[in-house]
Amino acid sequence: FKRRKALRAADSASEEEVANAKEDFDAANSAFEAAKLAVDQAKLDFERTTVRAPIDGIVARRQVQLGQRVAIGAPLMAITPKDQMHVDANFKEVQLEKIKVGQPVEITSDKYGKNVVYHGKVAGFSGGTGSAFAVIPAQNATGNWIKVVQRVPVRIELLAEELEQHPLQIGLSMHVDINVSQQN
């Protein structure tokens, strides 16, 4: 374009050649700007391929697959904090009479056997029985009124130091002993 302008000033190029050169220059400049924007967007997309968790933990309930594009705000997974793991022990409702929040607990895992004992305390009780929160709750509409003993989840907090020495995974089978002699 600059060359054509200089040639036009020396009367060696036509006005049409200068106009065509200006259009070509503007089109190339627009394409260059669009390419720069595409590169910037690609860099941003690449930076967003790594999602950092706000806490150190174990992935649970993963709802996204490798390579999948996700929308802003879409839940990707749940993370269970490593240092705040707990056990939900399902006790029969008839066993709950003496269980109180704060009582000491000893737990063994089938994963490590009886040689590894975890210590913790009762942190609380679920707001309902396991069947009350089931995806498909039981409907006893047949007139058969047999009493079925329900199970209530009891949350037990574990000591972080013991979890660090012997990590647990979600869903393991555990044997729970609560010291119910402490009633304060």
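Please refer to the structure higher up on the page.
Reference entry: report on the structure contained in this document. (Residues numbered from 1 in each chain as written. Predicted model: local features only at pLDDT ≥ 70, side-chain atom pairs only at ≥ 80, totals over all residues. Heavy atoms only, no water.)

Details of the nonpolar core
Generally speaking, soluble globular proteins have nonpolar side chains that are buried together. In this structure, F91, I107, I156, L158 and V176 are the most contacted members of the largest nonpolar core, which totals 19 residues. For this core, the elements supplying multiple residues, two or more each, are β3 (86-92), β4 (104-109), β5 (113-125), β6 (151-158) and β7 (174-178). With four residues, the top contributor of residues to this core is β6. For V176, the contacting residues outside a window of four places in its chain are V87, A89, F91, V105, E106, I107 and I156. (Core = buried A, V, L, I, M, F, W, Y, C linked by side-chain atoms within 4.5 Å. Buried < 20%, exposed > 50% of the residue type's maximum accessible area, 1.4 Å probe, protein only. Helix = DSSP H or I, 4+ residues; strand = E, 2+ residues; numbered from the N terminus. Contact = heavy atoms within 4.5 Å.)

What about the pattern of salt bridges?
Tallied over the full model, the rule gives three salt bridges. One salt bridge connects D26 with K22, and the closest N-O pair in it is separated by 3.2 Å. One end of the pair is D26 and the other is K22, both in helix α2 (residues 15-47) and four residues apart, which spans about a single turn. For D26, a relative accessible area of 34% translates into the label partly exposed. R155 is paired through a salt bridge with D88; the nearest N and O atoms lie 3.3 Å apart. Here D88 lies in strand β3 and R155 lies in strand β6, a separation of 67 residues in the sequence. We classify R155 as partly exposed; its relative accessible area is 38%. (Salt bridge = Lys/Arg side-chain N within 4 Å of Asp/Glu carboxyl O.)

Quick word on the side chain of Q103
Its place among the elements puts Q103 in the loop between β3 and β4. Using a relative accessible area of 1% as the deciding quantity, one classes Q103 as buried. At 3.0 Å, the side chain of Q103 and the backbone oxygen of K98 are in polar contact. Excluding its chain neighbours within four sequence positions, the residues that come into contact with Q103 are K98, G120, K121, V122, I178, N179, V180, Q182 and Q183. (Polar contact = N/O pair within 3.5 Å; in protein donor to acceptor, adjacent residues only side chain to side chain.)

Focus on the pairing of β4
Relative to β5, β4 runs antiparallel, the two being bridged by six bridges. Paired with S109 across the bridge in β5 is G113. Here β4 folds back onto β5, and the loop between the two strands holds three residues. (Pairing = 2+ DSSP bridges.)

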